[in-house]
Amino acid sequence: MTRAPGAARPRTRRAAALLTAALLLTACSTGPSLENRNEVTAPPGDSEQLTIGSAGFTESDLLAHMYKLLLDKAGYRTRLLTVSNRELYEPALESGQIDVVPEYAATFADWLNAKKNGADAKPVGSPDLDRTMRHLRALAAARGLDVLDPGRAVDQNAYAVTRAYARKHGLRTLSDLGRAKLPVRIAAGDECATRPYCAPGLKKTYGIDLTAIDPKGLGTTQAKKAVQDGRDQLVATTTTDATLDEFGLVLLRDDKKLQNADYLVPVVNRSRAGSRRVATALGRLNKVLTTADLADLNRRVDSWRRLPEDVARDYLDRHHLL
């Protein structure tokens with residue numbers, strides 16, 4: 001899935017702009033691009049001062065703050081920087097200007113693959129987590145990056161209907177919707193028409209009778225409102241959407257695994273943060289954080305207007321990780 005976070009909140013825009021300028025300036029002084037080097041084979045490093053990157057949307061902010069707190073507890077000196085553009089933060093991760101970022105396995109695998117082999121390269125991300133991780137780790141290693149173990153939380157594309165619609169037609173899964181042979185109008189982004197995980201996949205894998213695409217975007221308020229009001233029957237969103245309850249919506253389970261394995265994974269600069277100590281500190285989150293937990297944390301920030309750093313600390317405290 002292609003991550004498409006919304007605009008940075010006002011409090012992060014100035015920081016993001018300043019960092020963007022800094023990265024553009026320092027890019028001129030860090031030597032040849034990794035695109036022009038041989039495969040990076042630096043030994044694992046263990047710098048005492050680490051920079052954690054955030055992509056500037058709620059979920060990434062939350063994860064970055066949790067990474068920071070866990071690394072602080074492990075004895076590192078840390079700081080957090082927000083860069084809302086992967087085209088900037090990934091090279092910064094390679095060069096060591098950023099040491100750790102939260103990423104999504106299949107999306108990042110496809111992004112690195114396209115960077116190496118071109119935009120038309122065959123995707124390597126898939127619904128199979130093990131296969132996706134093999135491709136991702138190989139692509140990342142060539143750039144001096146290590147991909148740590150995925151946890152239980154996954155943020156992938158998902159599809160929702162109203163509770164009333166689900167009850168009326170006995171729907172729990174996307175297969176149920178296909179078997180019901182109902183005409184379905186979907187609220188989604190324009191790209192849904194051609195993306196294999198959206199309209200083509202819903203038709204081919206599940207046999208869903210999609211009659212039209214209402215181009216309201218992925219998981220937007222307008223898209224969910226259209227389904228709530230009955231103008232559309234299905235909305236494209238994500239598994240960690242924190243607002244479904246507000247619109248009376250429920251997810252239909254992807255029981256045939258159409259969606260790619262976008263499990264959350266920490267990605268680190270190997271020469272600065274490739275130590276077992278870093279992996280152990282961040283791996284503690286894997287034992288507790290679930291997809292449902294992440295949706296709830298997103299809700300606390302987006303709906304309850306709490307600060308990501310406070311929500312992150314509360315969660316880690318509740319699970320005895322600090």
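Please refer to the structure placed before this passage.
What counts as what
- Residues numbered from 1 in each chain as written.
- Predicted model: local features only at pLDDT ≥ 70, side-chain atom pairs only at ≥ 80, totals over all residues.
- Heavy atoms only, no water.
- 1 Å grid on protein atoms, 1.4 Å probe; cavity = no way out; pocket = protein on both sides within 12 Å on 5 of 7 lines; lining within 4 Å.
- Points joined across faces, edges and corners; volume = space filled by probe spheres on them.
- Helix = DSSP H or I, 4+ residues; strand = E, 2+ residues; numbered from the N terminus.
- Nonpolar A, V, L, I, M, F, W, Y, C, P; charged D, E, K, R; others polar.
- Buried < 20%, exposed > 50% of the residue type's maximum accessible area, 1.4 Å probe, protein only.
- Arc of directions from axis to C-beta.
- Contact = heavy atoms within 4.5 Å.

Student: Could you give an account of empty space enclosed by the protein, naming the residues involved and the relevant values?
Tutor: Over the atoms rolls a probe the size of a water molecule, and in doing so it shows where empty space is left. What the rule picks out here adds up to two cavities of 30 Å³ or more. What lines the largest cavity is a set of 13 residues, and nearest its centre among them are Gly151, Leu264, Leu285, Asn286 and Leu289. For the lining of the largest cavity, the secondary-structure elements that each account for two or more residues are helix H2 (58-73) and strand E10 (264-269). The element best represented in the lining of the largest cavity is E10, accounting for three residues. Of the residues in the lining of the largest cavity, the class split is nine nonpolar, two polar and two charged. Taken as a whole, the second largest cavity encloses approximately 30 Å³ of empty space. Along its surface, the second largest cavity is lined by Gly53, Ser54, Ala55, Ser60, Val83, Tyr89, Ile98, Val101 and Pro102. Of all elements in the fold, only strand E1 (49-54) and strand E3 (100-104) reach the threshold of two or more residues within the lining of the second largest cavity. Of the residues belonging to the lining of the second largest cavity, the class tally is six nonpolar, three polar and no charged.

Student: Let's hear about helix H9 (residues 221-228): which residues, and what values?
Tutor: Inspection of H9 places Ala223, Lys224, Ala226 and Val227 among the buried residues, and these make up the whole buried set. With its buried residues spanning 155° around the axis, H9 presents them on a single face. Each element contacted by the buried residues of H9 is listed here: strand E5 (157-162), strand E6 (183-188), strand E7 (209-215), strand E8 (234-238) and strand E9 (249-252). In the stretch just after H9, Gly230 is the one whose phi turns positive, near 90°.

Student: Mind laying out unusual backbone geometry, listing which residues take part and the relevant values?
Tutor: The phi torsion at Lys181 lies on the positive side, around 55°, for a residue other than glycine. In this fold, Lys181 is placed in the loop between helix H7 (174-180) and E6. With a phi angle near 65°, Arg305 is a residue other than glycine that sits in the positive phi range. Residue placement: Arg305 occurs in the loop between helix H12 (291-302) and helix H13 (308-318).

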